[in-house]
Amino acid sequence: TPTPILPPGAPTTSPIPPGSTVIPIQVALQEFIKGSQSREGKTPASSRRTRTDTEVRLVGSSGPFNTKVTLTWKEERVGPNLGFFEGNIVFPPGILSTGTYNILVKEPNHLRKTVATAVAITAAGQNATVDGRNNPLTAGDADGDNSINGADFAMVVRCLSENVQRSLTQCS
């Protein structure tokens, strides 16, 4: 599994290995708002600015490839209740072949979604940025099964009832 790499310009804890395939990505994530408050002009809580459990799947000419990506908050909103995040998809040398891929993203508590189709990827090089901001990931998948149904609602209700006396941030 490749080591997650921060977006360009951010300090990195580990450099990108020479010869790696690098694909910059931009993603919009739907976010819930407590009560009826507007998020306009607000940034996400510091614990939500960097997301390290984002899964990325490339499906295309040479099979599916999965990795984890670190996404960093970029803008306060790109639409109603949306946050804009960016990061780099990095595959070490020899893992990904040059080809055309569909790019799917899965964020915890969100549905997996194809954010870009027929993306030409050049192995062992820097690629064009994948802009998934117009295809935001839908929030609400509390149990991680990639569907939103009664089981998700039951988890949220249970969490809220267990945390009435505590901070609701434990229900993320």
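Whatever comes next refers back to the structure up there.
Note that this is a predicted model, so its numbers are computed, not measured. (Residues numbered from 1 in each chain as written. Predicted model: local features only at pLDDT ≥ 70, side-chain atom pairs only at ≥ 80, totals over all residues. Heavy atoms only, no water.)

Draft legend 1. A look at the overall build of the protein. Of regular secondary structure, the protein possesses one helix and nine strands. If you list the helices and strands of the protein from N to C, you get β-β-β-β-β-β-β-β-β-α. The buried share among the 172 residues of the protein stands at 35%. Residue pairs in contact within the protein that sit at least 24 positions apart in sequence constitute 62% of those at least 6 positions apart. By element, 53% of the accessible surface of the protein is carried by carbon and sulfur atoms, the whole surface being about 9300 Å². (Helix = DSSP H or I, 4+ residues; strand = E, 2+ residues; numbered from the N terminus. Buried < 20%, exposed > 50% of the residue type's maximum accessible area, 1.4 Å probe, protein only. Contact = heavy atoms within 4.5 Å. Areas by Shrake-Rupley, 256 points an atom, 1.4 Å probe, with all protein chains shown as cover.)

Draft legend 2. How the structure looks around the nonpolar core. Counting residues in each nonpolar core, the largest one holds 22 residues, and the members touching the most others are Ile 23, Ile 25, Leu 58, Ile 89, Leu 96 and Ile 103. Of all elements in the fold, only β1 (21-30), β2 (50-60), β3 (65-75), β4 (82-91), β5 (99-106), β7 (113-121) and β8 (130-137) reach the threshold of two or more residues within this core. (Core = buried A, V, L, I, M, F, W, Y, C linked by side-chain atoms within 4.5 Å.)

Draft legend 3. Region of interest: the sheet that holds β5. Read from one edge to the other, the open sheet built from seven strands follows the order β7-β5-β2-β3-β4-β1-β8, with strand pairing classed as mixed. Only two strands of the sheet have a single partner each, and these edge strands are β7 and β8. Across the sheet, the axes of successive neighbouring strands diverge by a mean angle of 30 degrees, strand direction being ignored. As paired strands, β1 and β8 are joined by four bridges and run parallel to one another. (Pairing = 2+ DSSP bridges. Axes fitted to C-alpha atoms, helices over the stretch in contact; angles between N-to-C directions.)

Draft legend 4. Region of interest: the side chain of His 110. Counting through the fold element by element, His 110 comes out in strand β6 (residues 109-110). Judged by relative accessible area, His 110 falls into the buried class, the value being 3%. Not counting residues up to four positions away in its chain, the partners in contact with His 110 are Leu 29, Gln 30, Arg 51, Leu 137, Thr 138, Ala 139, Asp 141 and Asn 146.

Draft legend 5. Highlighting the pattern of salt bridges. In the structure shown here, the tally under the stated rule is three salt bridges. Its salt-bridge partner being Arg 112, residue Glu 55 comes within 3.3 Å of it at the nearest N-O pair. Highlighted residues: Glu 55 in strand β2 and Arg 112 in the loop between β6 and β7, separated in sequence by 57 residues. A salt bridge links Asp 141 to Lys 106; its shortest N-O distance comes to 2.9 Å. Of this pair, Asp 141 sits in strand β9 (residues 139-141) while Lys 106 is found in strand β5, placing the two residues 35 residues apart along the sequence. For Asp 141, a relative accessible area of 0% corresponds to the buried category. (Salt bridge = Lys/Arg side-chain N within 4 Å of Asp/Glu carboxyl O.)

Draft legend 6. Highlighting helix α1 (residues 150-162). Over its 13 residues, α1 runs 18 Å from end to end, which matches the ideal 18 Å to within 8%, given 1.5 Å per residue. Measuring from the side-chain oxygen of the N-cap residue of α1 to the backbone nitrogen of Ala 151 gives 3.0 Å; that N-cap residue is Asn 149. (Expected span 1.5 Å × (residues − 1). Polar contact = N/O pair within 3.5 Å; in protein donor to acceptor, adjacent residues only side chain to side chain.)

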